[in-house]
Amino acid sequence: MRITAWQQFLDDQSDWPTASQVRDNGAARDTTSGTIFAHRRRMDPQKRHRQILQAATKIIAAKGFWGMSLQDVADEIGITEAALYHYIASKNDLLTMVINEAYDTPAADEYNASNATISDCCGHRVCFYPRYCLNIVLYNLQRPQMVQLFSMLYGEALNPKHPAHDFFIGHHRRNWELVRSMKWVLPPGYTEERLHHVFTLAMAAMDGLQYHWLADSSVNLLEEWIRFSDQIFPEYEWAGFTDPSEYSSENNRCLLPYTL
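The text that follows walks through the structure, step by step, so that each part is easy to find. (Residues numbered from 1 in each chain as written. Predicted model: local features only at pLDDT ≥ 70, side-chain atom pairs only at ≥ 80, totals over all residues. Heavy atoms only, no water.)

This brings us to the pattern of salt bridges. Tallying each qualifying case throughout the model produces seven salt bridges. For R180, the salt bridge identified is with E192, shortest N-O distance 2.9 Å. Taken together, the residues R180 in helix α10 (residues 171–180) and E192 in helix α11 (residues 192–215) connect sequence positions twelve residues apart. Under the relative-accessibility criterion, R180 is labelled partly exposed at 39%. A relative accessible area of 36% places E192 in the partly exposed class. The salt bridge partner of E224 is R227, with a shortest N-O separation of 2.7 Å. Here E224 pairs with R227, and both are found in helix α12 (residues 221–232), just three residues apart, close to one helical turn. Of the residues examined, E224 reaches a relative accessible area of 26% and is grouped as partly exposed. (Salt bridge = Lys/Arg side-chain N within 4 Å of Asp/Glu carboxyl O. Helix = DSSP H or I, 4+ residues; strand = E, 2+ residues; numbered from the N terminus. Buried < 20%, exposed > 50% of the residue type's maximum accessible area, 1.4 Å probe, protein only.)

This is how it looks when you write it as structure tokens:
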């Protein structure tokens, strides 16, 4: 690891969720254990909606969409299945709600870009892609259940009959459209095509590493990703373009010529 600023994340892992913390054994991570709701019969619609959303997320992460039943969700929050239909139209409707409101939210995009973006001495707002990727890992460490949900559904949705098939088929394309819309500061000689190749490689590596992390509690996702970064963003090419901390406005260097 060559970025001093990244060491702080390795040094302090105490505030990670329990399910994200490293264990000595190689058992699968338990991201969905325990009932997380008080069984209250009367609740205002907004609170009940959030409760249903959280219960469905937990159960789909554990069982998948095909294995989950609406009775499972009703049992988790202490209501009848019939009462559940006051808030949702169908099982497919519940899945759409989970994807749109729990997983695919603007909060993730904002977090991922937050500490990867700076203004140079000329006032240009530019982003550092290796740090952006690190932020994705840091964000996912805070939501292990969502990582399991995504992984479970991604595998199921290879089936064209799955209600989330179109969402997952388009997931890579939507993420790329977001990435290509941002102003990245890149090593000399980079083209949009080459950035797309690196983006595809980084996302594929991250997905594979997260599967390994979910299956083996002894894996430290952050440490492994930083090692991966050394291969995906080699120092001989990316030095000075990895993290905003590498830039000093005192150098009076305009970064706009290094963007696409």
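At a minimum axis separation of 12 Å, helix α5 (residues 91–103) and helix α8 (residues 144–156) run at an interaxial angle of 135 degrees. Looking at the two axes, α5 sits oblique to α8. In terms of crossing hand, the pair formed by α5 and α8 is left-handed. In this structure, α5 uses L95, V98, A102 and Y103 to contact α8, whose residues at the interface are M146, L149, F150 and L153. Tallied by class, residues from the contact of α5 with α8 come to eight nonpolar, no polar and no charged. (Axes fitted to C-alpha atoms, helices over the stretch in contact; angles between N-to-C directions. Parallel < 35°, antiparallel > 145°, perpendicular 65-115°, else oblique. Left-handed = near helix turned anticlockwise from the far one by under 90°. Contact = heavy atoms within 4.5 Å. Nonpolar A, V, L, I, M, F, W, Y, C, P; charged D, E, K, R; others polar.)

Attention now goes to the packing of aromatic side chains. One pair of aromatic rings is described through two measures. These are the centre distance and the angle between the planes. Per the counting criterion, the structure on display carries 16 aromatic pairs. When the centroid spacing of 5.4 Å and the interplanar angle of 70 degrees are considered together, the rings of Y190 and W238 count as edge-to-face. Taken as a pair, Y190 in the loop between α10 and α11 and W238 in helix α13 (residues 235–238) lie far apart in primary sequence, 48 residues in all. Here Y190 matches W238 in class, with each residue buried. (Phe/Tyr/Trp six-rings, centres within 6.5 Å; stacked < 30°, edge-to-face > 60°.)

The analysis is restricted to geometry; functional conclusions fall outside its scope.
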